[in-house]
Amino acid sequence: GGSITVTFSDGARVPARVVGRSPTYDLAVVRVERRDLPTAALGDSDGLRVGSWVMAIGNPFGLDHTVTVGILSAKGRSNFGGEQIAGPYDDFLQTDASINPGNSGGPLIDMKGRVVGINTAIAANGQGIGFAIPINMAKSLLPQLLEHGSVTRGWLGVQIQRVTPALAKTFEIE
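Residues numbered from 1 in each chain as written. Predicted model: local features only at pLDDT ≥ 70, side-chain atom pairs only at ≥ 80, totals over all residues. Heavy atoms only, no water.

A. Quick look at the overall build of the protein. Of the regular secondary structure elements, the protein holds two helices and 11 strands. Starting at the N terminus, the α and β elements of the protein follow one another as β-β-β-β-β-β-β-β-β-β-β-α-α. Here the protein holds 174 residues, and the buried ones make up 34% of them. For the protein, contacts bridging at least 24 residues in sequence account for 48% of all contacts bridging at least 6. Working note: accessible area of the protein is about 11400 Å², and carbon and sulfur atoms make up 52% of it. (Helix = DSSP H or I, 4+ residues; strand = E, 2+ residues; numbered from the N terminus. Buried < 20%, exposed > 50% of the residue type's maximum accessible area, 1.4 Å probe, protein only. Contact = heavy atoms within 4.5 Å. Areas by Shrake-Rupley, 256 points an atom, 1.4 Å probe, with all protein chains shown as cover.)

Right, dumping it as structure tokens:
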């Protein structure tokens with residue numbers, strides 16, 4: 001892992017260490033040695049319903065302690081206007097709670113105060129369209145990030161194509 005410094009709202013600057021990271025999934029685990037840190041409960045992103053209220057918390061454009069509110073607009077998003085949002089997966093939560101540079105990486109919270117997503121991206125050409133990684137995906141990747149420092153996913157090198165008359169003849173299929 002790498003070395004970073006975390007600055008807290010009380011002004012304290014504490015050295016931290018990157019334990020694991022996955023650029024593909026836009027996730028990282030950072031270890032901070034400080035005893036008085038509060039924790040947030042993790043929710044269940046699979047149980048979220050479109051239309052549920054959510055809050056995005058962070059530091060957009062350097063504006064400390066910003067909370068925005070909106071609804072969960074959609075689940076299972078993978079692209080916007082035909083463009084892949086980020087990474088090779090297709091399970092983003094879409095919200096109209098404002099997500100801007102500086103609050104990506106912050107929590108997306110349900111109305112019971114549980115973290116249901118990690119804010120990660122915006123639609124550059126869309127007003128009020130933001131995306132978050134579902135917390136259940138992050139939970140599933142956490143053991144690999146903690147144990148190995150990265151995420152390994154299996155893949156199968158298969159490509160689908162139309163069977164042309166020439167291919168049919170080559171493979172002796174009718």
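Once the structure has been displayed, the description carries forward.
B. Region of interest: the pattern of salt bridges. Inspection of the entire model under this criterion finds three salt bridges. Here R34 makes a salt bridge to D10, at a shortest N to O gap of 2.6 Å. Within this pair, whereas R34 is found in the loop between β3 (27-32) and β4 (53-58), its partner D10 is found in the loop between β1 (3-7) and β2 (13-22), the two being separated by 24 residues in sequence. With relative accessibility at 21%, the residue R34 sits in the partly exposed group. We note a salt bridge from D110 to R114, for which the minimum N-O separation is 2.8 Å. Given a relative accessible area of 8%, D110 falls into the buried group. The exposure class assigned to R114 is partly exposed, which follows from its relative accessible area of 32%. Here the residues in one salt-bridge network are D10, R34 and D36, joined through shared partners. (Salt bridge = Lys/Arg side-chain N within 4 Å of Asp/Glu carboxyl O.)

C. The sheet that holds β3, seen in detail. With antiparallel pairing, the three strands of this open sheet are ordered in space as β1-β2-β3. In this open sheet, the two strands that pair with only one neighbour each are β1 and β3. Each neighbouring strand pair of the sheet contributes to a mean axis angle of 45 degrees, computed without reference to strand direction. As paired strands, β1 and β2 are joined by five bridges and run antiparallel to one another. Its bridge partner lying in β2, T5 is registered against P15. Along the sheet face, helix α1 (residues 135-148) touches β2 and β3 and points at about 60 degrees away from the line of β3. (Pairing = 2+ DSSP bridges. Axes fitted to C-alpha atoms, helices over the stretch in contact; angles between N-to-C directions.)

D. Looking closely at the nonpolar core. Membership of the largest hydrophobic core comes to 18 residues, with the highest contact counts inside it found for Y25, L27, I118, I133 and L141. Looking at this core, the elements that each hand over two or more residues are β3, β10 (115-122), β11 (130-134) and α1. Broken down by element, the residue count for this core peaks at five residues, all from α1. When sequence neighbours within four positions are dropped, the list of residues in contact with L27 reads R21, S22, I118, I133, A138, L141 and L145. Grouped together as the second largest cluster of nonpolar side chains are 10 residues, L48, I99, V116 and A132 included. (Core = buried A, V, L, I, M, F, W, Y, C linked by side-chain atoms within 4.5 Å.)

E. Main features of the side chain of T95. Mapped onto the fold, T95 is located in strand β8 (residues 92-95). With relative accessibility at 1%, the residue T95 sits in the buried group. At 2.8 Å, the side chain of T95 and the backbone oxygen of I71 are in polar contact. At 3.0 Å, the side chain of T95 forms a polar contact with the backbone nitrogen of A97. Once residues within four sequence positions are removed from consideration, T95 is found in contact with V54, G70, I71, S73, L108, G128, I129 and G130. (Polar contact = N/O pair within 3.5 Å; in protein donor to acceptor, adjacent residues only side chain to side chain.)

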